[in-house]
Amino acid sequence: MKSLFFLLGCLQLLAAAGAVYKRWLPNTNFETASNWDEGRVPCAGDVIHFDRDKVVSVFVKSPHPVKDMYLPLNGEFILASGAGFAAFDGSWDPGCDSGSAARFGDAEGFAWFDPALWQTAASPGELQQGGRIFAVDEERVPCQYDDVILQPETSFRVNVDSSRGMIHLRSISLMGQTFSSTAALAEYLRGPSAPLQFHGNGTFQVSGTGCPDKSGCVCGNAQDGHRICAALLGAAGRPCPAPACRSPLRPLGHCCGVCGATVCLEFTPDFDLRKYRDRLVQAFLSLPKYAGVQMAISKVHKAQTFLGVALRSSAPVIQIVLIDDQTGSRTGTAAEQMAADIMSDIAQHGEALGISSGKMEVATGSIFSGQTGISTSRRILTGTVVGLLFGLLLLGGMLLLYRRGMLRLWAARLPRPWGRAQGLASPEPASSKGFDNPMFDMPMDTTEPPGAASGEDARQEMALKDNQIFYLNPLYDESEVDV
Ligand SMILES: *[C@@H]1O[C@H](CO)[C@@H](O)[C@H](O)[C@H]1NC(C)=O
């Protein structure tokens, strides 16, 4: 079931405006058929069972004749006006096998940090489907500057277990009441319904203020990343769907590897995330040739690594994830082309846009000749790894520069002094310039959630070597380069 949510069709539209609303989807309403074990709402003459030991809050919209009803020890019914339970008078209910047992399902399993249980909307009333802008999994769950809506006229039960014990939001709307301060919310949470609606060790911190930074704000769910991926992939640790490229990219905040392209931007104080996203939508995403491309763009904290070792510091960067609907050997190629377009746009206008450097990674499918039908990713080494370069500097005191064909060397402005020159490749894939490295032919393990793997560092290093990486620095004047 949940694997359905991997489908591109379910990717959600984000608000063009600043505020993002996230709506909780499940409910524990009496009239919701899926809340009953038999998949139907009890009808007249049924014997209704609520589990004795299960805590529930149940909203009842309409009157129900009941024959017999077993209630939980701890729970509540919230009755809409006119709703209620009446004794069954023996009258025949058409379309109903009178007298069977109807059992209310288990409402314990719905977790706040399950991305599949949230819907993103640009406005409180807006219902949207599909869309070409999606969010990485961590950002499908409410972020620290989001407005959360638990629909009025519904009951719910949410497990709010969290790593930090604290869930930060801009506002939360419960039973039709919007709370935008922690004090007002605390009063509600002390009331009779809240303990039935929320369980687990998380509490809410509600700020009432949106993201104050025009360059965007980090979502803030990274610490619960493992919880988010566990919910998405199932507690049993179901593997991610088999990717159509052999070395999928691992976007930050996303649970499974993707084929396509990522662009990672460093920015200056001039950068405006909303304007830049609109620019990408207007200039590229809306072009007919990119009709099958979907894009995610957000500010993320990128852990800094040095020689493959994670450092404790992290730097905010803008991450763009591009995926497409191409299949087989063409998987990811439209995304790759759009990423290349974005890179040349940055090369031309980066300074004005507030972008100081960009780095592109690509994972596409392709077919080895003579091996029909097997998708693989092209293995072209077009960039060197910062750590590798520095390692060589350390070892031999020599600077390795390489140019090949269209390769140019630009000074990439990277955060640390040793992160200097990297090769910039022409975005055009040039398979003749690449080579196949049999060492990297082993299938990649994509089953673990990010951060959980012991071999994570090694794998990231491998992924770096496997995928195409491009650096570019728009602040550097191209005309000065002697190519
Ligand atoms: C809350 O509970 C979950 C699971 O029971 C646990 O993993 C998490 O560390 C707890 N968080 C805090 C802040 O105690």
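Preceding block: the structure.
Quick notes on the rules
- Residues numbered from 1 in each chain as written.
- Predicted model: local features only at pLDDT ≥ 70, side-chain atom pairs only at ≥ 80, totals over all residues.
- Heavy atoms only, no water.
- Helix = DSSP H or I, 4+ residues; strand = E, 2+ residues; numbered from the N terminus.
- Buried < 20%, exposed > 50% of the residue type's maximum accessible area, 1.4 Å probe, protein only.
- Contact = heavy atoms within 4.5 Å.
- Areas by Shrake-Rupley, 256 points an atom, 1.4 Å probe, with all protein chains shown as cover.
- Pairing = 2+ DSSP bridges.
- Axes fitted to C-alpha atoms, helices over the stretch in contact; angles between N-to-C directions.
- Phe/Tyr/Trp six-rings, centres within 6.5 Å; stacked < 30°, edge-to-face > 60°.
- Near = heavy atom within 4 Å.
- Polar contact = N/O pair within 3.5 Å; in protein donor to acceptor, adjacent residues only side chain to side chain.
- Nonpolar A, V, L, I, M, F, W, Y, C, P; charged D, E, K, R; others polar.
- Disulfide = S-S within 2.5 Å.
- Salt bridge = Lys/Arg side-chain N within 4 Å of Asp/Glu carboxyl O.

Draft legend 1. Molecular detail of the overall build of the chain. In terms of regular secondary structure, the chain is built from seven helices and 23 strands. Among the 483 residues that make up the chain, the fraction classed as buried is 48%. Long-range contacts, defined here as pairs at least 24 residues apart, represent 71% of the contacts in the chain between residues at least 6 apart. Only carbon and sulfur atoms are counted for the fraction: they give 56% of the accessible area of the chain, which is about 22,600 Å².

Draft legend 2. Inspection of the sheet that holds strand S8 (residues 101–103) at higher detail. Strand order in the open sheet made by the three strands is S5-S2-S8, with parallel pairing throughout. Bordering the open sheet on either side are strand S5 (68–70) and S8, each of which pairs with just one other strand. Across the sheet, the mean angle separating the axes of adjacent strands is 15 degrees when strand polarity is ignored. Relative to S8, strand S2 (residues 47–49) runs parallel, the two sharing three bridges. If you follow Val-47 over to S8, its bridge partner there is Ala-101.

Draft legend 3. Fine view of the packing of aromatic side chains. Enumeration over the complete set of coordinates arrives at 15 aromatic pairs. Judged by centre distance (5.8 Å) and plane angle (65 degrees), the rings of Trp-36 and Phe-50 are edge-to-face. Separated by 14 residues along the polypeptide, Trp-36 in the loop between strand S1 (21–24) and S2 and Phe-50 in the loop between S2 and strand S3 (56–60) bring together distant segments of the chain. When the centroid spacing of 5.2 Å and the interplanar angle of 65 degrees are considered together, the rings of Phe-77 and Phe-85 count as edge-to-face. The class of Phe-77 is partly exposed, set by a relative accessible area of 29%. Owing to a relative accessible area of 28%, Phe-85 belongs among the partly exposed residues under this scheme. An aromatic cluster is present here, built from Trp-24, Trp-112, Trp-118, Phe-156, Phe-198 and Phe-204 joined pairwise through their rings.

Draft legend 4. Focus on the site of the ligand. Lining the immediate environment of the ligand, one finds Asp-161, Ser-162, Ser-163, Arg-164, Gly-165, Asn-201 and Arg-227. Here Ser-162 contributes a backbone N or O atom positioned 2.9 Å from a nitrogen atom of the ligand. Measuring from an oxygen atom of the ligand, one finds a side-chain N or O atom of Arg-227 at 2.9 Å. Notes on the ligand: free accessible area 360 Å², of which the protein chains cover 45%. Its residues assigned to classes, the shell around the ligand shows no nonpolar, four polar and three charged.

Draft legend 5. Region of interest: the state of the cysteines. Applying the stated criterion to the full structure yields five disulfides. Here Cys-211 connects covalently by a disulfide to Cys-217, the sulfurs 2.0 Å from one another. Its S-S torsion of approximately 85 degrees makes the covalent link between Cys-211 and Cys-217 right-handed. There is a disulfide in this structure between Cys-229 and Cys-255, and the S-S distance comes to 2.2 Å. Note on the Cys-229 and Cys-255 pair: the S-S dihedral is about -95 degrees, so by sign convention the disulfide is left-handed. Of the two residues, Cys-229 is situated in helix H3 (residues 225–233) and Cys-255 in the loop between H3 and strand S17 (260–267); the sequence distance between them amounts to 26 residues. The burial state of Cys-229 is the same as that of Cys-255; both residues are buried.

Draft legend 6. Region of interest: the environment of Ala-87. Relative to the elements of secondary structure, Ala-87 occurs in strand S7 (residues 84–87). The spatial distance from the C-alpha of Ala-87 to the C-alpha of Pro-65 is 5.5 Å, given a sequence separation of 22 residues.

Draft legend 7. Layout of the sheet that holds strand S9 (residues 118–121). An order of S9-S1-S10-S13-S14 is seen for the five strands of this open sheet, with the pairing classed as mixed. Every interior strand has two partners, whereas the edge strands, S9 and strand S14 (177–179), have only one. If you compare each strand with its neighbour and ignore which way they point, the axes differ by 20 degrees on average. In this structure, S1 lies alongside S9, joined through four bridges in antiparallel fashion. In the strand pairing of S9, Lys-22 is matched with Thr-120.

Draft legend 8. Main features of the environment of Cys-219. Of note, Cys-219 is situated in the loop between strand S16 (203–206) and H3. Since its relative accessible area comes to 8%, Cys-219 is described here as buried. The spacing of Cys-219 and Glu-138 is 81 residues in sequence and 7.7 Å in space, taken between C-alpha atoms. Every residue in contact with Cys-219, bar those within four places of it in the chain, is listed here: Glu-138, Glu-139, Val-141, Cys-143, Gln-144 and Lys-299.

Draft legend 9. Quick look at the pattern of salt bridges. This model, assessed by the stated rule, comprises 13 salt bridges. A salt bridge links Asp-46 to Arg-40; the nearest nitrogen and oxygen atoms lie 2.9 Å apart. The class for Asp-46 is buried, based on a relative accessible area of 1%. Notably, a salt bridge pairs Arg-170 with Asp-147, separated by 3.1 Å at the nearest N-O pair. Here Asp-147 lies in strand S10 (residues 147–149) and Arg-170 lies in the loop between strand S12 (166–169) and strand S13 (171–174), a separation of 23 residues in the sequence. You can call Arg-170 partly exposed: its relative accessible area is 25%. Overall, Asp-147 belongs to the buried group, its relative accessible area being 5%.

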